[in-house]
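Secondary and tertiary structure notes
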Amino acid sequence: MLVAPSILSADFGNLAKEVEAICKAECDFVHVDVMDGHFVPNLTIGPVVVEAVAKSATKPLDIHLMVEDNNFFVDLFAPLKPHFISFHIESERHPNRLAQKIKNLGIHPAIVLNPHTSPSQIEYLLEYVDMVLLMSVNPGFGGQKFIPNVLEKAMVLKEFILKRNPNCLIEIDGGVSNKNIYAIKNAGVDIAVAGSYIFKHPKGVKEAINSLKV
Ligand code: DX5
Ligand code: ZN
């Protein structure tokens, strides 16, 4: 399992140190949650802060957009050369066009599905993206409870992926911990995002990240 700590649960007063710590602990990606206060009822960080994160990070960035105007935010973050930029299918009228734009910028495009959204909605998008991010909580906040039917959804998605684009990765985001990581792995997920579990772990981020590498 690849592990992408979500810095949403980090101590923002010590962000550089927090980012250095997860990278030193050999996380695979640094997951950055961008919220606009419209698509989701929360507001997070913009390019100035993400640029600082990019400077401290020695692992690639995984930018998760939770915004209404995806195109605008892709233009803002593209200069930081993240590994992934993911956007929600629920907020985009032209997902195929946007995925191609992201790819042409030299960034791996990914599509995100809210808990209620069926994988069948993106069947014909799969060959244009490098990853599907399945939300296992309603987007907007860290520290929420894992929605278990996402595991069934991951297995349904895997069938579509095998048919349309076997190289496409599956990422899961929300409520991930050492308690559900084996079930997540068995459902065919490649990358686990975890925020509160990693940053609030009593034994520190290294121990937390290691416990998710199953
Ligand atoms: C929620 C964000 C997540 C969040 C996960 O909208 O996309 O990345 O930080 O936090 P935990 O792991 O605490 O559920
Ligand atoms: Zn996220």
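Please refer to the structure higher up on the page.
Quick summary incoming for the structure in this document.

Cut-offs used in this document
Residues numbered from 1 in each chain as written. Chains lettered and ligands numbered in written order. Predicted model: local features only at pLDDT ≥ 70, side-chain atom pairs only at ≥ 80, totals over all residues. Heavy atoms only, no water. Pairing = 2+ DSSP bridges. Helix = DSSP H or I, 4+ residues; strand = E, 2+ residues; numbered from the N terminus. Axes fitted to C-alpha atoms, helices over the stretch in contact; angles between N-to-C directions. Contact = heavy atoms within 4.5 Å. Near = heavy atom within 4 Å. Polar contact = N/O pair within 3.5 Å; in protein donor to acceptor, adjacent residues only side chain to side chain. Areas by Shrake-Rupley, 256 points an atom, 1.4 Å probe, with all protein chains shown as cover. Nonpolar A, V, L, I, M, F, W, Y, C, P; charged D, E, K, R; others polar. Core = buried A, V, L, I, M, F, W, Y, C linked by side-chain atoms within 4.5 Å. Buried < 20%, exposed > 50% of the residue type's maximum accessible area, 1.4 Å probe, protein only. Donors = N, O, S within 2.8 Å, 3.2 Å for Na, K, Ca; no water. Tetrahedral: all angles 85-135°; square planar, octahedral: opposite > 155°, others 65-115°. Parallel < 35°, antiparallel > 145°, perpendicular 65-115°, else oblique. Salt bridge = Lys/Arg side-chain N within 4 Å of Asp/Glu carboxyl O.

Overall, parallel pairing links the eight strands, which are arranged 1-8-7-6-5-4-3-2 in an open sheet. Each of the sheet's edge strands pairs with one partner strand only, and the pair in question is strand 1 (2-5) and strand 2 (30-35). Strand-to-strand twist across the sheet, computed as the mean angle between neighbouring axes with direction ignored, equals 25°. When strand 5 (residues 108-113) meets strand 6 (residues 131-135), the two strands line up parallel, connected through four bridges. Paired with leucine 113 across the two strands is leucine 134, which belongs to strand 6. Each of strand 2, strand 3 (61-66) and strand 4 (84-88) is contacted by helix 3 (residues 70-77), which is oriented at about 155° to strand 3, the strand it contacts most.

We now examine the site of ligand 1. Around ligand 1, 20 residues are found, and the nearest of them are Gly140, Gly143, Asp173, Gly195 and Ser196. Within the backbone of glycine 140, one N or O atom sits 2.8 Å away from an oxygen atom of ligand 1. Separating an oxygen atom of ligand 1 from a backbone N or O atom of glycine 195 is a distance of 2.7 Å. Summarising the interface, the protein chains cover 100% of the accessible area of ligand 1, which totals 380 Å² for the free molecule. Elements supplying a minimum of two residues to the shell around ligand 1: strand 2, strand 3 and strand 8 (191-194). Broken down by element, the shell around ligand 1 gets its largest block of residues, three residues, from strand 2. Here the residues of the shell around ligand 1 are counted per class, giving eight nonpolar, 10 polar and two charged.

By size, the foremost hydrophobic cluster in this structure holds 65 residues, and its most contacted members are Ile7, Val30 and Ile198. Top element by residues in this core is helix 5 (residues 150-164). It accounts for six residues. Residue contacts for isoleucine 198: discarding those within four places in its chain leaves Val3, Pro5, Ile22, Gly204, Val205, Ala208, Ile209 and Leu212.

What follows is about the coordination of the zinc ion (ligand 2). Distances from the zinc ion (ligand 2) to its protein donors, namely His31 (NE2), Asp33 (OD), His64 (ND1) and Asp173 (OD), fall within the range 2.1 to 2.3 Å. The coordination sphere of the zinc ion (ligand 2) comprises six donor atoms, whose angles at the metal cover 69 to 169°; the geometry is octahedral. Here the donor residues of the zinc ion (ligand 2) share one chain and are spaced in sequence as H-x1-D-x30-H-x108-D. Of this pair, histidine 31 sits in strand 2 while aspartate 173 sits in strand 7 (residues 169-173), placing them 142 residues apart in sequence. For the pair shown, histidine 31 and aspartate 173 are each scored as buried.

The element strand 2 is largely enclosed, with a buried count of six among its six residues. Going residue by residue along strand 2, you find Val30, Val32 and Val34 tucked away on one face and His31, Asp33 and Met35 tucked away on the opposite face as well. The pairing of strand 2 with strand 3 spans six bridges and is classified as parallel. Among the inter-strand pairings, methionine 35 is bridged to a residue of strand 3, identified as methionine 66.

Turning next to the packing of helix 3 against helix 4 (residues 95-104). The geometry of helix 3 relative to helix 4 is characterised by a closest axis approach of 11 Å and an angle of 5° between their N-to-C directions. What the angle tells us is that helix 3 and helix 4 run roughly parallel. Of the residues in helix 4, those in contact with Asn70, Asn71, Val74 and Asp75 of helix 3 are Leu98, Lys101 and Ile102. Its residues assigned to classes, the contact of helix 3 with helix 4 shows three nonpolar, two polar and two charged.

Turning our attention to the pattern of salt bridges. Applying the stated criterion across every chain, the model contains five salt bridges. Between lysine 59 and glutamate 26 there is a salt bridge, and its shortest N-O distance comes to 2.8 Å. With lysine 59 in the loop between helix 2 (47-56) and strand 3 and glutamate 26 in the loop between helix 1 (15-24) and strand 2, this pair connects stretches of sequence that are 33 residues apart. The salt bridge partner of lysine 103 is aspartate 130, with a shortest N-O separation of 3.5 Å. Pair noted here: lysine 103 is in helix 4 and aspartate 130 is in the loop between strand 5 and strand 6, with a separation of 27 residues, a long-range link. Each of Glu123, Lys163 and Arg164 takes part in one network of salt bridges that share partners.

The values reported here are purely geometric and, on their own, carry no functional implication.
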